[in-house]
Amino acid sequence: MQRREFLRLLAAGAAAGLALDAPEALAQGATDALYRVPRFGNVSLLHFTDCHAQLLPIHFREPSVNIGVGAAAGQPPHLVGEHLLKAFGIKPGTREAHAFTFLDFERAALAYGKIGGFAHLATLVKRLRAERPGALLLDGGDTWQGSGLALWTKGADMIEACRLLGVDLMTAHWEFTYGEKRVKEAVEKELGKIEFLAQNVKTTDFGDPVFKASTTRTINGVPVAVIGQAFPYTPIANPRHFIPEWTMGIQEEALQKHVDAARAKGAQVVVLLSHNGMDVDLKLATRVRGIDAILGGHTHDGVPQPTLVRNAGGQTLVANSGSNTKFLSVLDLDVKGGKVADFRYRLLPVFANLLPADAEMDALIRRVRAPHAARLGEKLATTEGLLYRRGNFNGTFDQLILDAMLEVKGAEIAFSPGFRWGTTVLPGGAITLEHVLDQTAITYPQCTVNDLSGERVKEVLEDVCDNLFNPDPYLQQGGDMVRVGGMTFTCTPAAKMGGRISDMRLGGKPLEPGRIYKVAGWAPVAEGAQGEPIWDVVVRYLKDKKVVAPRKLNLPRLEGVAGNPGLA
């Protein structure tokens with residue numbers, strides 16, 4: 001972009017009421033101010049999670065809808081937009097406001113540039129580690145999946161990048177969708193010094209541990225135990241047949257035993273490296289004693305400050321570090337007399353234009369991408385509107401996928417999974433094959449067309465809705481709500497199971513329970529499903545359109561959520 005055009009867009013933003021930091025704020029002084037994190041205490045932990053295989057800097061729009069129900073209503077992480085800024089004292093129009101919210105996203109993205117990228121993350125990690133001898137780098141999982149390159153290499157590109165980044169410990173979720181054989185191969189032969197921890201993965205026959213549950217590292221003379229917690233519902237949210245010999249679950253009792261054992265062996269700090277999702281972590285923290293901090297992931301919540309949860313053993317700090325390498329958590333602990341006396345925490349946005357690319361990591365990324373760069377860079381169409389995924393009910397890239405299935409497959413109704421990963425494309429940008437794969441690159445990509453009754457359609461929507469809005473976090477088993485194309489409906493998040501979905505209509509007419517409808521979908525969890533990969537469907541649609549008009553979101557009518565700060 002030419003400087004004149006850049007300044008014109010900033011002026012337009014200011015005229016529209018957007019008080020962005022001045023371009024001069026991107027200078028070295030601003031860099032120092034944002035990334036100056038004074039060392040505190042004697043134990044330091046760095047944490048990132050849910051990077052979803054994004055090696056390069058990207059744009060990623062945070063949600064405008066993240067509704068909390070029950071005790072979670074109005075509490076972090078269920079705050080969006082201005083509600084989040086107010087709760088955490090973040091000034092509107094700043095780079096931090098852009099990182100943590102969707103507000104004025106397009107103009108802010110032009111002003112502040114892309115975010116994340118492993119080369120820029122590496123620079124920040126090295127800087128912080130130089131100031132914090134012995135600091136551990138923790139990876140919360142969902143690292144080997146989320147891009148075309150990761151799919152084609154079965155995560156090998158990300159494993160190599162994480163070794164170079166200096167990751168010490170990791171846990172997992174989407175990694176399991178490569179199958180038991182691939183995961184074991186990677187853990188045993190490719191991770192090098194990275195320890196793979198998952199206390200809640202057992203064999204289905206005798207309940208034997210599949211992976212190491214925990215490890216203890218000594219940091220500046222302080223024994224620190226880290227316990228791994230993989231995503232408990234992988235066999236439900238993802239195909240069971242990928243991991244037929246393994247079982248998961250939250251497994252509170254086993255976790256408490258690991259915590260107690262670590263304390264008995266002298267650990268002065270106990271940390272849970274979790275992929276539960278933040279709501280689950282908040283509940284777990286009330287029930288399992290002796291954990292000092294939970295560094296969590298799965299729900300992609302970038303929460304500026306942790307929540308302190310009281311329990312029978314004292315208190316547990318619960319943090320969540322966002323997604324897509326947008327953020328790096330810095331947790332400094334002051335350990336005195338064998339226990340944590342105080343802490344400091346920062347969740348740092350990784351702005352690519354404020355942090356120079358680490359040369360060694362940049363070279364690795366260029367090398368692993370080189371054989372695939374031309375294919376990934378294939379231009380399919382141009383978008384006139386913002387394309388994003390994230391939010392409880394729909395995103396414009398999700399809508400594009402729905403529209404593609406409806407048109408290409410000739411379906412009446414379309415369903416697309418409520419995945420939280422997927423990058424953002426700004427208006428006027430080229431939609432490349434890489435962008436499509438950023439939304440669809442999974443090991444079960446089949447697009448299917450099925451005949452479903454109106455009654456069955458309601459059952460599907462009710463089931464997924466309960467996964468999202470059950471007031472008991474332990475019964476929330478999936479991602480966001482399934483995206484729906486072709487039909488309209490009403491959703492009442494706070495209603496009881498079986499009563500959240502109503503007034504389903506197709507073409508303005510109520511769906512008939514006994515009538516059969518042609519329904520397209522993708523990502524089937526059942527073994528043996530047949531169909532072409534969803535990316536082929538979307539690619540065909542984009543090549544035919546050439547220019548993609550702004551998407552009009554098909555959103556449900558919501559009831560009972562007025563005033564909810566998780567709704568902008």
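Residues numbered from 1 in each chain as written. Predicted model: local features only at pLDDT ≥ 70, side-chain atom pairs only at ≥ 80, totals over all residues. Heavy atoms only, no water.

Some words on the pairing of strand β12 (residues 314–320)
Defined as follows: Throughout this description, buried means an accessible area under 20% of the type-specific maximum (1.4 Å probe, protein chains only), exposed means over 50%, and partly exposed covers the range between. Helix and strand definitions follow DSSP, with helices as H or I runs of at least four residues and strands as E runs of at least two, each counted in order from the N terminus. Only strands joined by at least two bridges in the DSSP assignment are considered to pair.
Taking burial as the measure, the seven residues of β12 include five buried ones, the bulk of the element. Judged from the four bridges that link them, strand β10 (residues 293–296) and β12 form a sheet pairing that is parallel. The residue of β12 that forms the bridge with I294 is V318. By the bridge criterion, five bridges tie strand β11 (residues 307–311) to β12 in an arrangement that is antiparallel. The residue bridging R310 from the neighbouring strand is Q315, located in β12. Here β11 folds back onto β12 in antiparallel fashion, the turn holding two residues.

Things to note about helix α12 (residues 278–287)
Working note: α-helix, 3.6 residues per turn, so residues spaced by three or four point in the same direction. To keep things clear, this is the line we draw: Between two residues, a contact is recorded if the distance between any of their heavy atoms is within 4.5 Å.
A large share of α12 lies buried, amounting to seven of its 10 residues. Each element contacted by the buried residues of α12 is listed here: α11 (252–264), β9 (269–274), β10, β11 and β12.

Structural notes on the layout of surface pockets
Just so we agree on the cut-off: A cavity here means a set of points on a 1 Å grid, drawn over the protein atoms and nothing else, where a 1.4 Å probe fits but cannot get out; a pocket is an open set with protein on both sides within 12 Å along at least five of seven lines, and a residue lines either one if it has an atom within 4 Å of a point. Grid points are joined across faces, edges and corners, and a volume is the space filled by probe spheres set on the points. In this count, Pro and Cys sit with the nonpolar residues alongside Ala, Val, Leu, Ile, Met, Phe, Trp and Tyr, while Asp, Glu, Lys and Arg are called charged and the others, Gly among them, polar.
Its volume calculated, the largest pocket comes out at about 1,000 Å³. Along its surface, the largest pocket is lined by 41 residues, and P417, V464, W522, A523 and V525 are the ones closest to its centre. Of all elements in the fold, only α10 (234–237), β16 (413–416), β18 (447–453), α17 (454–469) and β23 (516–522) reach the threshold of two or more residues within the lining of the largest pocket. When residues of the lining of the largest pocket are assigned to their parent elements, the largest contribution, six residues, is made by α17. Each residue belonging to the lining of the largest pocket can be placed in one class, and the counts come to 21 nonpolar, 14 polar and six charged. By volume, the second largest pocket amounts to about 460 Å³. Lining the second largest pocket are 22 residues, and of these P57, I58, K114, E434 and H435 sit closest to its centre. Contributing elements (two or more residues each) for the lining of the second largest pocket: β17 (430–432) and α16 (433–440). A total of three residues in the lining of the second largest pocket trace back to one element, the largest contributor, which is α16.

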